[in-house]
Amino acid sequence: MIVETEAYSPDDPASHAYGGPTRRNATMFGPPGRLYVYRSYGVHWCANVVCADEGTAAAVLLRALEPTDGLAEMRSRRGVEDARLLASGPGRLTQALAISAEHDGLDLGREPFALVPPRRPVAVLASPRVGITRATEQPWRYSLAGSTFVSRPRPRA
DNA sequence: GTATTGATCTTCT
DNA sequence: GAAGATCAATACA
């Protein structure tokens, strides 16, 4: 279950797509509903959902998951026991799901992926984005209210 | 508990 | 040559 995301818009100085297409961000300029995967700090993979229509680069970075299934697999990939550490952070999330460059550009509506909306409305908190230096005033980080699986600032209770 | 730093890919200057 | 949508290990309080 996705519990934390961040939005990146086409005219967003903090977005990879700001300043036009490059080899890395090409997927962001493609059709929506696909997965955009990039290398972060030379070490980690980060996964985004492409949102805008083709030619308009907007995406949502997946920052944290609450593991609900496949816990054993995630633990073995991550090498940690604590469920909160399995996918609370962009790099951890991709490692837990075994997402890497080979998944870049894949359709999230097809196997092995599936995106399922929540059954009922959920409470979401908006806050400043994490780990960026530009356009930090945009409160485009969205987290599930009360979730203990969110990365960084821990929600109280 | 907080602070600092290494890893080393991709892009931009 | 420097910085970045990061994490984990280490050092310190």
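Structure: see above.
Quick look at the structure, then. What you are looking at is a predicted structure, and each value in this text was computed from that prediction instead of being measured.

Time to look at the overall build of chain A. Regarding its fold elements, chain A presents two helices and six strands. Starting at the N terminus and walking to the C terminus, you meet the elements of chain A as β-β-β-β-α-α-β-β. The C-alpha extent of chain A, read off along each of the three principal axes, is 40 × 35 × 35 Å. By the burial criterion, 40% of the 157 residues in chain A qualify as buried. The contacts in chain A between residues at least 6 apart in sequence include a share of 50% that link residues at least 24 apart. For chain A, the accessible surface area stands at approximately 9,200 Å², while carbon and sulfur atoms represent 52% of it. Here chain A contributes 19 positive and 16 negative side-chain charges, whose respective centroids are spaced 6 Å apart.

Turning our attention to the nonpolar core. Buried together is how nonpolar side chains tend to be arranged in soluble globular proteins. Residues Leu35, Ala47, Leu62, Ala87, Leu93, Ile99 and Leu108 are the most contacted members of the largest nonpolar core, which totals 14 residues. Elements with a minimum of two residues in this core: β2 (35-40), β3 (44-50), β4 (59-65) and α2 (90-97). Listed in part, the 13 residues of the second largest apolar core include Ala14, Ala17, Val50 and Ala59.

As a further point, take the side chain of Arg63. Mapped onto the elements, Arg63 comes out in strand β4. Owing to a relative accessible area of 6%, Arg63 belongs among the buried residues under this scheme. Only 3.2 Å separates the side chain of Arg63 from the side chain of Ser151, close enough to count as a polar contact.

For the rest of this paragraph, the subject is the protein's contact with DNA strand B. By nearness alone, every residue bordering DNA strand B is listed as Thr22, Arg23, Arg24, Arg39, Gly42 and Val43. One of the side-chain N or O atoms of Thr22 is found 3.4 Å from a phosphate oxygen in DNA strand B. A distance of 2.6 Å separates a phosphate oxygen of DNA strand B from a polar atom in the backbone of Arg24.

Looking at DNA strand C, there are 20 residues lining it, with His44, Asn48, Arg92, Gly131 and Ile132 nearest. Close to the protein, within 4 Å, the atoms of DNA strand C are drawn from sugar and phosphate at a rate of 57%. Within the contact set of DNA strand C, a sugar or linking oxygen lies 3.3 Å away from a side-chain nitrogen or oxygen of Tyr8. Between Thr133 and DNA strand C, the recorded distance is 3.3 Å, taken from a side-chain N or O atom to a phosphate oxygen.

Reading the values: rules and limits
- Residues numbered from 1 in each chain as written.
- Chains lettered and ligands numbered in written order.
- Predicted model: local features only at pLDDT ≥ 70, side-chain atom pairs only at ≥ 80, totals over all residues.
- Heavy atoms only, no water.
- Helix = DSSP H or I, 4+ residues; strand = E, 2+ residues; numbered from the N terminus.
- Buried < 20%, exposed > 50% of the residue type's maximum accessible area, 1.4 Å probe, protein only.
- Contact = heavy atoms within 4.5 Å.
- Areas by Shrake-Rupley, 256 points an atom, 1.4 Å probe, with all protein chains shown as cover.
- Lys, Arg positive; Asp, Glu negative; His and termini not counted.
- Charge placed at Lys NZ, Arg CZ, Asp CG, Glu CD.
- Core = buried A, V, L, I, M, F, W, Y, C linked by side-chain atoms within 4.5 Å.
- Polar contact = N/O pair within 3.5 Å; in protein donor to acceptor, adjacent residues only side chain to side chain.
- Near = heavy atom within 4 Å.

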